[in-house]
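Breakdown of the fold
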Amino acid sequence: MTEQFSRLHDVFNTKHLFVITSHVNPDADAIGSEVALALYLKGKGKEVRIINQSITPDHLLFLTKLFPVHTYNSDLDLHILDADCFCVVDTNSPKRFSAMAETVAKSNAVKVCIDHHLEQESFADLYVIDTDVPAASELLYRIFTDDDPALITLPVATALYAGIMTDTGSFKFPKTDAETHLITAELLKRGVDPYAVYQEIYESGEINKLHLLGKALECIEVHYNGRVACMALPRSVFTETRTTEADVDNLTQYVLSIRNVVVGLVFIEQPDGVKVSLRSKGEIDINIIAKKFGGGGHRNASGARLKDITLADAVTALLTSIKEIV
Ligand code: 5GP
Ligand code: MN
């Protein structure tokens, strides 16, 4: 990692115009990492723009008050083309920022990827990837401290904290370790208010979101002697509850909460197919299944988008594929 870090510092020190992006449907680790990196680079006197494929969900808008986040449209292409460094955080797959991937490929910018997911795809000039860290935000903390800890100001610390808190499932997922807690302690020492961040992310929802959750919980089914739990949401649940997919928050925790379940699947019907979130417990490698369907992620948490398939067929296809591993 030290070699990777010093190459990254070289790029950051020698380039001036930065564009930062992350994945479609960004979560708090995606936006927290982007905002933290943008503020850090700004602290080094750089010009920075964050451009995302998707809009920012309401519960993460507080992070965009620390640094603006733009939603991609082709008017922003010139910024991508002019950039001398393009940074991708919290994903290593250009498919996950596909709307601008073509422009990125045309740009002469040095492409940097800072991430914690498995199996990087080849598109960047420099990869700083650590699949052992629970959050991209934790990796950024290590990068920043390796350069100059003074650049971790309160806004940077707040953005990093949001990413680490959420990607560790509030410090309980398997990759959470002593180092994560030590880093979190450092962030708190810089003045991060954990309850304020918690309130923004988890206590700022609309009642419709709970109605959506109610319908989602009702449709959970178990298969294979109770070892696999599935939740499949048709578009109609969103219209009925006047919600959107942005209101879906960590539904996988509920399918995994059932005794003896070792694999949890959450399907969400899309206009052009189905998105599936895959989760597993312990040694079961769910990433293998996600990859079979063109997706990816981590051993215990992966995702995939299946094109041109009905919700029912997607459920059947995944259940069939999973049979051999459970
Ligand atoms: P989620 O199910 O929460 O959307 O994603 C779980 C994990 O899998 C995340 O770490 C995410 O980055 C990864 N992931 C989700 N969807 C995709 C996808 O379509 N392609 C790839 N390569 N990874 C995905
Ligand atoms: Mn992440």
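Residues numbered from 1 in each chain as written. Chains lettered and ligands numbered in written order. Predicted model: local features only at pLDDT ≥ 70, side-chain atom pairs only at ≥ 80, totals over all residues. Heavy atoms only, no water.

**Observations regarding the coordination of the manganese ion (ligand 2)**
Defined as follows: In this analysis a donor is any N, O or S atom within 2.8 Å of a metal ion (3.2 Å for sodium, potassium and calcium), and since water is not included, sites may seem incomplete. Working definition: helices are DSSP H or I runs of at least four residues, strands are E runs of at least two. Numbering for both runs from the N terminus. Each residue is assigned to one of three classes by its accessible area relative to the maximum for its type, calculated with a 1.4 Å probe on protein chains only: buried under 20%, partly exposed between the two thresholds, exposed over 50%.
Bound to the manganese ion (ligand 2) are the protein donor atoms D29 (OD), D90 (OD), H116 (NE2) and D167 (OD), situated 2.1 to 2.4 Å from the metal. Coordination of the manganese ion (ligand 2) draws on donor residues from a single chain, spaced D-x60-D-x25-H-x50-D in sequence. Here D90 is found in the loop between β4 (85-89) and α5 (98-106), whereas its partner D167 is found in helix α7 (residues 154-167), with 77 residues between them in sequence. The exposure classification of D90 matches that of D167, with both residues buried.

**Looking at the pairing of strand β6 (residues 126-129)**
Defined as follows: When DSSP finds at least two bridges between two strands, those strands are taken to pair.
Burial along β6 is two-sided: L126 and V128 and Y127 and I129, pointing in opposite directions, are all buried. Here strand β5 (residues 110-115) runs beside β6; their pairing, made up of four bridges, is parallel. Of the residues in β6, the one forming a bridge with I114 is V128.

**Some thoughts on the side chain of S321**
Worth spelling out the cut-off: We call two residues contacting when some pair of their heavy atoms lies within 4.5 Å.
Tracing the backbone shows S321 in helix α14 (residues 311-322). A residue is classified by how much of its surface remains accessible, and S321, at 9% relative accessible area, is buried. Excluding its chain neighbours within four sequence positions, the residues that come into contact with S321 are I289, K292 and F293.

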